[in-house]
Amino acid sequence: MVVLNEKEKEYISSKIRDVHDFPKPGIIFKDITTLLNDKEAFNFLIEHLTQRYKSFDFEFITGIESRGFILAGALAATLNKAFVPIRKPKKLPYTTISEKYSLEYGIDEIEIHIDAFDKSSQRPPKVLLIDDLIATGGTAKAAIRLLKKIHVECVEACFLINLKFLKGDVEIAQSTPIYSVLEIF
Ligand code: AMP
């Protein structure tokens with residue numbers, strides 16, 4: 001299984017900017033725009049993900065709005081796979097199915113088009129799920145429930161950054177393989 005060595009992880013990590021107290025006090029926001037606007041670093045990351053996933057068996061890559069779209073879209077192009085967006089409520093124009101999840105204060109929701117996956121083959125479609133970061137895991141868990149609802153199989157959930165200290169990955173890992181390029185303990 002293709003993973004990065006420590007030096008390669010340090011290289012990717014050095015391109016991600018920590019923004020303190022954004023969007024609210026106490027949060028260290030992992031800003032990946034400084035990685036995306038560095039063509040060598042962005043290409044290195046996508047090439048790594050391409051090498052990792054080229055031997056996996058799946059047809060679709062689904063990205064979570066909005067930074068997940070950037071990685072998922074680029075990877076879908078290099079791997080010649082189809083791309084499916086998972087979006088925030090009321091953004092998708094056609095009929096959707098949705099899944100709610102809890103935030104620190106209140107509830108959020110994600111949606112997917114009801115016909116997003118081609119179901120013409122005999123087995124359920126296989127999907128790789130991508131987001132930029134897993135924190136509490138609420139978003140990713142809701143995305144995996146959404147994929148289950150629509151009867152597709154999630155072959156792996158892939159994140160650029162895993163905030164391990166929040167343990168958001170623990171429950172997901174019981175049912176779905178997880179790969180994180182960088183883990184922050
Ligand atoms: P969670 O549902 O708590 O796992 O949060 C994951 C989602 O929130 C992802 O889509 C991330 O893009 C975003 N997110 C949460 N925490 C951060 C953070 N510290 N830096 C950047 N993005 C974050």
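Residues numbered from 1 in each chain as written. Predicted model: local features only at pLDDT ≥ 70, side-chain atom pairs only at ≥ 80, totals over all residues. Heavy atoms only, no water.

Asker: How should the overall build of the chain be read in this particular structure?
Answerer: The number of helices and strands found in the chain is six helices and nine strands. Its C-alpha atoms give the chain principal-axis dimensions of roughly 45 × 40 × 30 Å. Restricting to contacts in the chain with at least 6 residues of sequence separation, those with at least 24 account for 58%. Counting only carbon and sulfur atoms, one obtains 53% of the accessible surface of the chain, whose full area is about 10000 Å². (Helix = DSSP H or I, 4+ residues; strand = E, 2+ residues; numbered from the N terminus. Contact = heavy atoms within 4.5 Å. Areas by Shrake-Rupley, 256 points an atom, 1.4 Å probe, with all protein chains shown as cover.)

Asker: Would you mind showing me how to read the environment of Ser-13 here?
Answerer: In this structure, Ser-13 sits in helix α1 (residues 6–14). What makes Ser-13 partly exposed here is its relative accessible area of 37%. Separated by 156 residues in sequence, Ser-13 and Asp-169 have C-alpha atoms that sit 20 Å apart. (Buried < 20%, exposed > 50% of the residue type's maximum accessible area, 1.4 Å probe, protein only.)

Asker: Sorry, what's going on with the pairing of strand β7 (residues 126–134) here?
Answerer: Walk down a regular strand and you will see the side chains alternate between the two sheet faces. The element β7 is extensively covered by neighbouring structure, given that eight of its nine residues are classed as buried. Where strand β3 (residues 60–64) lies against β7, four bridges are found, and the strand directions are parallel. Across the sheet, the residue bridging to Thr-62 is Leu-129, located in β7. Looking at chain direction, β7 and strand β8 (residues 153–163) are connected through eight bridges and run parallel. Bridged to Leu-128 within β8 is Glu-156. The handedness of the β7 to β8 crossover, carried by helix α5 (residues 138–149), is right-handed. (Pairing = 2+ DSSP bridges. Right-handed = clockwise from strand over helix to strand, strands pointing away.)

Asker: Can you help me understand the packing of aromatic side chains in this one?
Answerer: Two measures describe an aromatic ring pair: the distance that separates the ring centres and the angle between the ring planes. Per the stated rule, a full pass over the model turns up six aromatic pairs. Ring centres of Tyr-53 and Phe-58 lie 6.4 Å apart, and the angle between their planes is 85 degrees; this geometry places the pair in the edge-to-face category. Exposure remark for Tyr-53: the relative accessible area of 0% places this residue in the buried category. Within the aromatic cluster, the residues linked to one another by ring pairs are Tyr-53, Phe-56 and Phe-58. Across the ring face of Tyr-179, the terminal group of Arg-52 is positioned such that the distance to the ring centre comes to 3.7 Å. Between the NZ or CZ atom of Lys-81 and the centre of the ring of Phe-58, over which it lies, the distance is 4.5 Å. (Phe/Tyr/Trp six-rings, centres within 6.5 Å; stacked < 30°, edge-to-face > 60°. Lys NZ or Arg CZ within 6 Å of the ring centre and 35° of its normal.)

Asker: Mind showing me how you'd approach the sheet that holds β3 here?
Answerer: Backbone-to-backbone hydrogen bonds pair the strands of a sheet. The strands run either parallel or antiparallel. Spatially, the five strands line up as an open sheet ordered β4-β3-β7-β8-β9, and their pairing is parallel. Of all the strands in the sheet, just β4 (82–86) and β9 (178–184) have a single pairing partner and so form its edges. For this sheet, the mean angle separating the axes of adjacent strands, direction not counted, is 20 degrees. Across the sheet, α5 is in contact with β3, β4, β7 and β8; its angle to β7 comes to roughly 165 degrees. (Axes fitted to C-alpha atoms, helices over the stretch in contact; angles between N-to-C directions.)

Asker: Looking at this structure, I do not really get the environment of Val-2. What am I missing?
Answerer: Here Val-2 shows up in the segment before α1. Residue classification places Val-2 among the partly exposed positions, given a relative accessible area of 34%. Sequence-distant contacts of Val-2, that is, excluding residues within four places in its chain, are made with His-48, Gln-51, Arg-52 and Tyr-179.

Asker: Would you mind going over the layout of surface pockets with me for this structure?
Answerer: A probe matching the size of a water molecule, rolled over the atoms, marks out where space remains unfilled. Approximately 1100 Å³ is the volume attributed to the largest pocket. Around the largest pocket sit 33 residues that line it, and Phe-29, Leu-133, Ala-135, Thr-136 and Thr-139 are the ones nearest its centre. Elements with a minimum of two residues in the lining of the largest pocket: β2 (28–31), α4 (67–79), β5 (96–102), β7, α5 and β8. Its residues assigned to classes, the lining of the largest pocket comprises 16 nonpolar, eight polar and nine charged. Every residue along the wall of the second largest pocket is listed here: Glu-6, Lys-9, Glu-10, Ser-13, Ile-16, Asp-18, Lys-30, Ile-161, Leu-182, Glu-183 and Ile-184. Every element with two or more residues in the lining of the second largest pocket is listed here: α1 and β9. Per-element accounting of the lining of the second largest pocket gives the leading share, four residues, to α1. Across the lining of the second largest pocket, the residue classes break down as four nonpolar, one polar and six charged. (1 Å grid on protein atoms, 1.4 Å probe; cavity = no way out; pocket = protein on both sides within 12 Å on 5 of 7 lines; lining within 4 Å. Points joined across faces, edges and corners; volume = space filled by probe spheres on them. Nonpolar A, V, L, I, M, F, W, Y, C, P; charged D, E, K, R; others polar.)

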